[in-house]
2 protein chains.
Amino acid sequence: MKVLFFLAAIVSVAFTEAVPFESDLLLPHSGSVNGRNCLSWRLAVETNNVRDWDVVPADCAYYVADYMSGSQYPADCNYVTSAAYKHARSIQLKEDGKDVWVFDIGESSLSNLPYYSRSDVLFGSKEYNSTAKKEWELQGKAPALLATLKLYKKLLNRGYKIVFISGKSESVRNVTETNLKNVGYYTWEKLVLRQPSERGTTLAVYKSKKRGELVNQGYRIIGNIGDQWSDLSGDYAGNRTFKLPNPMFYAA
Amino acid sequence: MKVLFFLAAIVSVAFTEAVPFESDLLLPHSGSVNGRNCLSWRLAVETNNVRDWDVVPADCAYYVADYMSGSQYPADCNYVTSAAYKHARSIQLKEDGKDVWVFDIGESSLSNLPYYSRSDVLFGSKEYNSTAKKEWELQGKAPALLATLKLYKKLLNRGYKIVFISGKSESVRNVTETNLKNVGYYTWEKLVLRQPSERGTTLAVYKSKKRGELVNQGYRIIGNIGDQWSDLSGDYAGNRTFKLPNPMFYAA
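An unreviewed UniProt entry lists chain A under the name Acid phosphatase 1-like, from Melia azedarach.

**A few points about the sheet that holds strand β6 (residues 220-226) of chain B**
Residue and element names in this part refer to chain B. Pairing is parallel in the open sheet, where five strands are placed in the order β5-β4-β3-β6-β7. The sheet is open, and its two borders are formed by β5 (190-194) and β7 (240-243), each paired with just one other strand. This sheet shows a mean twist of 20 degrees between the axes of neighbouring strands, independent of strand direction. Pairing between strand β3 (residues 99-103) and strand β4 (residues 161-169): four bridges, direction parallel. Along β4, the bridge assignment pairs Val100 with Lys161. Strands in contact with helix α5 (residues 72-90) are β3, β6 and β7; relative to β7, the strand with the most contacts, it is inclined by about 165 degrees. Seen against the sheet, helix α10 (residues 203-216) touches β3, β4, β5 and β6 and runs at an angle of roughly 150 degrees to β4.

**What about the pattern of salt bridges?**
Summed over all chains, the structure comprises 29 salt bridges over all chains. A salt bridge links Arg220 of chain B to Asp99 of chain B; the nearest nitrogen and oxygen atoms lie 2.9 Å apart. In this pair, Arg220 of chain B sits in strand β6 while Asp99 of chain B sits in strand β3, placing the two residues 121 residues apart along the sequence. Residue classification places Arg220 of chain B among the partly exposed residues on the basis of a relative accessible area of 24%. The buried category is assigned to Asp99 of chain B, whose relative accessible area is 4%. With a closest N to O distance of 3.3 Å, Glu137 of chain B and Lys168 of chain B form a salt bridge. Residue Glu137 of chain B is found in helix α7 (residues 130-138), and its partner Lys168 of chain B is found in strand β4; the two are separated by 31 residues along the sequence. For Glu137 of chain B, a relative accessible area of 25% corresponds to the partly exposed category. Residue class for Lys168 of chain B comes out buried when judged on its relative accessible area of 15%. Put simply, Glu198, Lys209, Lys210 and Glu213 of chain A are held in one network by salt bridges that share partners.

**Let's talk about the sheet that holds strand β5 (residues 190-194) of chain A**
Residues and elements named next belong to chain A. Spatially, the five strands line up as an open sheet ordered β5-β4-β3-β6-β7, and their pairing is parallel. Every other strand in the sheet has two partners, leaving β5 and β7 (240-243) as the edge strands with one partner each. Neighbour to neighbour, the strand axes of the sheet diverge by 20 degrees on average, direction disregarded.

**Let's talk about unusual backbone geometry**
All names here are of chain A. Positioned with a positive phi, Leu122 is a non-glycine residue whose angle comes to about 45 degrees. Not every positive phi belongs to a glycine, and Tyr236 is a case in point at roughly 50 degrees. Among the residues examined, Tyr236 registers a relative accessible area of 43% and is labelled partly exposed.

**Structural notes on α7 of chain B**
Residue and element names in this part refer to chain B. If you check which residues of α7 are buried, you get Ala132, Lys133 and Trp136. Along the axis of α7, the buried residues cluster in a sector spanning 100 degrees; they form a single face. The exposed residues of α7 that point more than 90 degrees off its buried face are Thr131 and Glu135. Measuring from the side-chain oxygen of the N-cap residue of α7 to the backbone nitrogen of Thr131 gives 3.2 Å; that N-cap residue is Asn129.

**Let's talk about the pairing of β6 of chain B**
Each regular strand displays side chains that alternate between the two surfaces of the sheet. Residue and element names in this part refer to chain B. β6 sits mainly inside the fold: six of its seven residues count as buried. The pairing of β3 with β6 spans five bridges and is parallel. Bridge pairing in β6 places Val102 opposite Asn224. With four bridges connecting them, β6 and β7 associate as parallel partners. Along β7, the bridge assignment pairs Gly226 with Lys243.

**Section: the packing of helix α3 (residues 38-46) of chain A against helix α4 (residues 61-69) of chain A**
Residues and elements named next belong to chain A. Contact geometry for α3 and α4: axes closest at 10 Å, N-to-C directions at 65 degrees. Judged on the interaxial angle alone, α4 and α3 are roughly perpendicular. Considering the relative orientation of α3 and α4, their crossing is right-handed. Across the interface between the two elements, Cys38, Leu39, Trp41 and Arg42 from α3 touch Tyr63, Val64 and Tyr67 from α4.

**Points about the state of the cysteines**
Applying the stated criterion across every chain, the model contains two disulfides over all chains. Sulfur-sulfur distance for the disulfide between Cys38 of chain A and Cys60 of chain A comes to 2.1 Å. Between Cys38 of chain A and Cys60 of chain A, the S-S dihedral sits near -90 degrees, and the bridge is therefore left-handed. In this pair, Cys38 of chain A sits in helix α3 while Cys60 of chain A sits in the loop between α3 and α4, placing the two residues 22 residues apart along the sequence. On the basis of relative accessible area, Cys38 of chain A is assigned to the buried category, the value being 0%. Free of any disulfide, Cys77 of chain A has its nearest cysteine sulfur in Cys38 of chain B, 18 Å distant. A relative accessible area of 1% means that Cys77 of chain A is categorised as buried.

Rules behind the numbers
- Residues numbered from 1 in each chain as written.
- Chains lettered and ligands numbered in written order.
- Predicted model: local features only at pLDDT ≥ 70, side-chain atom pairs only at ≥ 80, totals over all residues.
- Heavy atoms only, no water.
- Pairing = 2+ DSSP bridges.
- Helix = DSSP H or I, 4+ residues; strand = E, 2+ residues; numbered from the N terminus.
- Axes fitted to C-alpha atoms, helices over the stretch in contact; angles between N-to-C directions.
- Contact = heavy atoms within 4.5 Å.
- Salt bridge = Lys/Arg side-chain N within 4 Å of Asp/Glu carboxyl O.
- Buried < 20%, exposed > 50% of the residue type's maximum accessible area, 1.4 Å probe, protein only.
- Arc of directions from axis to C-beta.
- Polar contact = N/O pair within 3.5 Å; in protein donor to acceptor, adjacent residues only side chain to side chain.
- Parallel < 35°, antiparallel > 145°, perpendicular 65-115°, else oblique.
- Left-handed = near helix turned anticlockwise from the far one by under 90°.
- Disulfide = S-S within 2.5 Å.

Printed below as a string of structure tokens:
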């Protein structure tokens, strides 16, 4: 009977207390707001059915906030990196040290979630602010995306060479390298950043070109992991590609 | 206070009553059973991170049953076909009648859900039974996948030519054509089925070849919609591809 009263009390509180803005972010959101089914939107984004989107639809902002802040996003990431490692294990590496795994950086190896959680960013539902984003990145304080860091360590143990290919500018090399090392990515074969001359193209074109250079240098791309389809499409995509979830922004 | 007791009573019943097998299918399943996160599994499948899987993992059978039988699957399909139509509208068609949209058939234009709902199939969680599946298909009773039928009609209205490309055998042409017509797909430019000589390859290779033949005949593939990545990958994939959800089986 005590238990029943306790449960009833919880229910009662949940139904009567006014919910302030901040904790609203922590409540479950069904994903269907104002007629838009945010689960469907997210699936469409993740499967590359919806492209070239600008910001998270306003009516899905809290849904995305819940997803990114809760247990499902890390669980989804872990599932992807487990599948990636299963592929990695299935390959018999050659002795020449040319078997590589390509990693994207932002939202793949490093997480910008502390930035995207800010109220002026609200998980990608506010208009993109390149100045604010750059300021955050220049602090070099991005934590590791834990699932990816775990994969990275296991791949190194197995003998894979790691190649980071990022759309970030060469001008942020120092802070990026320091950030990577600080959170546990302590070694790599190459860390490829975008040169001023490579600014004019889409990420997909730039990354294909960089992977092509790797292949021309004799490397074999066994795996390629990123949060954007532009990390994974085009030429020399790799033996297998792995798409990490990211419902916060789109990069062509 | 009455309300509190009522709520407490519900909670009490929920915790004490044994749940029979049949209605278990109708209860919400969190997606996390025996440690496997079925939401993560489904996302990994839909994004092509997990490939070559045999059957739905046993511990996700009820989760997939819920998803396919509930409102989320049709909502997800509608979201995809809406995105497809948005692309269709963005294209200025030529006057030569060579702008085509490629449709897959099974789980794309026609739904085999009545078959997959059977207790001996259980949404793809039981071992694949090619005899039983063929028996079902030979009845020609598959309903339309409603979201796709709606897209089909809108594309026809806009002047697109429809080309069905299916992995089904040429031997089932009559029943397939009758089934398609019975549920509303009343016209098409071509209905491409697999010839005996084309049996040896994967679906992806066969479909790429068939799309190549279309392109060589002067057709322009503006869109391509299917439930398998093998419908959408490889050469001549189309100007844009659209992946419908299907967590029930994998076809390479």
